[in-house]
Amino acid sequence: MRDKFRGRDYLGLKDFTKEEMNELIELTQDLKRKWVMGEPHAYLRDRSFGMIFEKKSTRTRNSFHAAATALGAQSFYLRPDELQTSRGEPIKDTARIIDRYFDGLYIRTFGHEIVEEFAQYMKNPVINALTALEHPCQGLTDLVTIKEKKGDFKGLKVCYAGDVYNVCHSLMIGSAMFGMDIYVAAPKGYDPDPEILRVANEHAAVSGSKVIVTQDFDAALKDADVVYGNTWHSMGENEEQKEQRIKDFMPYQINKQAMEKARKDAIFMHCLPGYRGEDMTDEVIEGSQSAVWDQGENRMHTVKAVLVATTIK
Ligand code: CP
Ligand code: NVA
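Reading guide: rules and limits
Residues numbered from 1 in each chain as written. Chains lettered and ligands numbered in written order. Predicted model: local features only at pLDDT ≥ 70, side-chain atom pairs only at ≥ 80, totals over all residues. Heavy atoms only, no water. Near = heavy atom within 4 Å. Polar contact = N/O pair within 3.5 Å; in protein donor to acceptor, adjacent residues only side chain to side chain. Areas by Shrake-Rupley, 256 points an atom, 1.4 Å probe, with all protein chains shown as cover. 1 Å grid on protein atoms, 1.4 Å probe; cavity = no way out; pocket = protein on both sides within 12 Å on 5 of 7 lines; lining within 4 Å. Sits in = over half its atoms within 2 Å of the grid points. Nonpolar A, V, L, I, M, F, W, Y, C, P; charged D, E, K, R; others polar. Axes fitted to C-alpha atoms, helices over the stretch in contact; angles between N-to-C directions. Helix = DSSP H or I, 4+ residues; strand = E, 2+ residues; numbered from the N terminus. Parallel < 35°, antiparallel > 145°, perpendicular 65-115°, else oblique. Left-handed = near helix turned anticlockwise from the far one by under 90°. Contact = heavy atoms within 4.5 Å. Buried < 20%, exposed > 50% of the residue type's maximum accessible area, 1.4 Å probe, protein only. Pairing = 2+ DSSP bridges. Right-handed = clockwise from strand over helix to strand, strands pointing away. Expected span 1.5 Å × (residues − 1). Patch = residues over 30% accessible without salt bridge, like charges linked within 9 Å, V, L, I, M, F, W, Y side chains within 5 Å. Salt bridge = Lys/Arg side-chain N within 4 Å of Asp/Glu carboxyl O. Core = buried A, V, L, I, M, F, W, Y, C linked by side-chain atoms within 4.5 Å.

The next thing to look at is the site of ligand 1. Around ligand 1, the neighbouring residues are Ser57, Thr58, Arg59, Thr60, Arg108, His135, Gln138, Cys271, Leu272 and Arg299. In this structure, an oxygen atom belonging to ligand 1 sits 3.2 Å away from a side-chain N or O atom of arginine 299. Protein contacts shield 96% of the accessible area of ligand 1, which totals 250 Å² for the unbound molecule. When each cavity is represented as a set of grid points, ligand 1 is found to reside in the largest pocket. Classifying every residue of the shell around ligand 1 gives two nonpolar, five polar and three charged.

So this is what it looks like as C-alpha cells:
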C-alpha cells in the first residue's frame, strides 16, 4: 500500500491527496499503538538521515531524533554554519552530495523554494521541517490529534487565531481536505498565501466544508470544536514587526472568555512555542480543554510515519 510514497518528498499538504494523507494518519496511529504497547518497530535499521535547521526548534528537531532512533536509524544534525553552503556552495551541489550519503534530508528553512531545490536534486526524500509556506509535519500531527480527540473530522469547526503563515496554511488545507470548516481569525491585512487559499478552497468544494478568513473572532469561535492558537510573530521573518503585531493581534488572544464562546467540549490546540499573555493565556494552556501536550507528543509519531512511508527500500 505504501509503495507510492517511496522516495517521495514530503514538502506540503498541498502536494498530497486526501487518500494519501489518510494513509499517513493511519500509519501514524499504528506506529503510536506499537510505541504505547512497547512493540518493536525498528523498520529503518542501519539507515541514516541528515537534518539542517536554519531556525530554532524544540519539537521538530528532537522528535525527529527520537523517531529515527526508535526506527533503528541514525539522524545527523548538519549545522548550517558548518556547511559549505554558508560560504556560497550552491544548494544543487550540496543536495547531490548529501543524497549519496543519507537516506533522506529533513530541513527547516526560510523560503519554500529552498526545500524545493533540495528536492529537485535529491533522489532520496526531502522532508519539510517548516518553511514560510507550510509546516506539513505539524499539519499531519494536527489531523491525527483532532481524530484522536474527536473521533472523526466530518462536520467539525476549527477556529484558528495566530500568525497567518506556515502552520495556518497546512491546517487550512488539512481541515478543508477532511471536511472540517476552518475559520481563520486575524486582523485586517494578515491574509493567507493566495495559492494555499486556492488549494484549500478546492478541497472544500469536494468535501463540502467552508474556508473562511475573517476579522470577526466571535463568529470564528462560535460553536467551534477546535480552537487553535499560534504565535503572532513567526521566527526570523516578521519578528521585527513584533510590537506592531502584538497590538494588532491582541483582540484575537485565546483566553478563558474566548474559549467560552466555543463549544463546551472544544479542545485547545497550539503548535507551540506559545507566548502566555500574548497568543493565549496560562489558564487556557494549563486548563482541562488543552490538548497541547498530546499534540506535541504526536509530532514524534507522525514523523515516524513520514520516514517509514517515504524512505526508499
Ligand atoms: N511546533 C514546532 O514546530 O515547534 P518547534 O519550533 O519547537 O520545532
Ligand atoms: N508560525 C511559527 C510556527 C512555529 C512552529 C513560526 O514560523 O515561527
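That was the structure; now back to the text.
Near ligand 2 the following residues occur: Leu130, Tyr165, Asn166, Val167, Asn230, Thr231, Ser234, Met235 and Leu272. Protein contacts shield 95% of the accessible area of ligand 2, which totals 270 Å² for the unbound molecule. The site holding ligand 2 turns out to be the largest pocket. For the shell around ligand 2, a count of residues per class yields five nonpolar, four polar and no charged.

For the pair helix 6 (residues 166-177) and helix 7 (residues 194-207), interaxial distance at closest approach is 7 Å and the crossing angle is 15°. Between helix 6 and helix 7, the angle is such that the two are roughly parallel. The interaxial crossing formed by helix 6 with helix 7 has left-handed handedness. Two secondary-structure elements touch here, helix 6 through His169, Met172, Ile173, Ala176 and Met177 and helix 7 through Ile196, Leu197, Val199, Ala200, His203, Ala204 and Ser207.

The subject of this paragraph is the pairing of strand 3 (residues 105-108). The side-chain alternation of strand 3 yields two buried faces, one formed by Leu105 and Ile107 and the other by Tyr106 and Arg108. Sheet topology note: the strand 1 (residues 48-53)/strand 3 ladder contains four bridges and is parallel. Bridged to methionine 51 within strand 3 is tyrosine 106. By the bridge criterion, three bridges tie strand 3 to strand 4 (residues 126-128) in an arrangement that is parallel. Across the sheet, the residue bridging to tyrosine 106 is isoleucine 127, located in strand 4. Regarding the hand of the β-α-β motif, the stretch spanning strand 3, helix 4 (residues 112-121) and strand 4 is right-handed.

A separate point is helix 6. The periodicity of an α-helix, 3.6 residues per turn, causes residues three or four positions apart to be oriented the same way. For helix 6, which comprises twelve residues, the first-to-last C-alpha distance of 17 Å matches the rise-based estimate of 16 Å (1.5 Å per residue) to within 8%. Counting buried positions along helix 6 yields twelve of twelve residues, so the element is predominantly enclosed. Where helix 6 is concerned, the buried positions are Asn166, Val167, Cys168, His169, Ser170, Leu171, Met172, Ile173, Gly174, Ser175, Ala176 and Met177.

Quick look at a nonpolar patch on the surface now. Taken together, the side chains of Trp35, Val36 and Met37 define a hydrophobic patch exposed on the protein surface, amounting to about 330 Å² of accessible area. One can find methionine 37 in helix 1 (residues 18-37). Residue methionine 37 is classed as exposed on the basis of its relative accessible area of 58%.

Here we come to the nonpolar core. In this structure, Tyr10, Met21 and Tyr106 are the most contacted members of the largest nonpolar core, which totals 66 residues. Ignoring sequence-local partners within four residues, the contact set of tyrosine 106 consists of Gly50, Met51, Ile52, Phe53, Thr60, Phe64, Ile127, Ala129, Cys137, Arg299 and Val303. Grouped together as the second largest cluster of nonpolar side chains are 21 residues, Ala161, Val227, Val284 and Val292 included.

With that settled, the discussion passes to the sheet that holds strand 2 (residues 74-77). Overall, parallel pairing links the four strands, which are arranged 2-1-3-4 in an open sheet. The sheet terminates laterally at strand 2 and strand 4, the two strands that pair on one side only. When strand polarity is set aside, the average angle formed by the axes of neighbouring strands in this sheet is 25°.

Note on placement: arginine 108 falls in strand 3. One polar contact links arginine 108 to threonine 60, side chain to side chain, over a distance of 2.8 Å. Ignoring anything within four residues of it in the chain, the contact list for arginine 108 reads Ile52, Phe53, Glu54, Lys55, Lys56, Ser57, Thr60, Ala129, Leu130, His135 and Met235.

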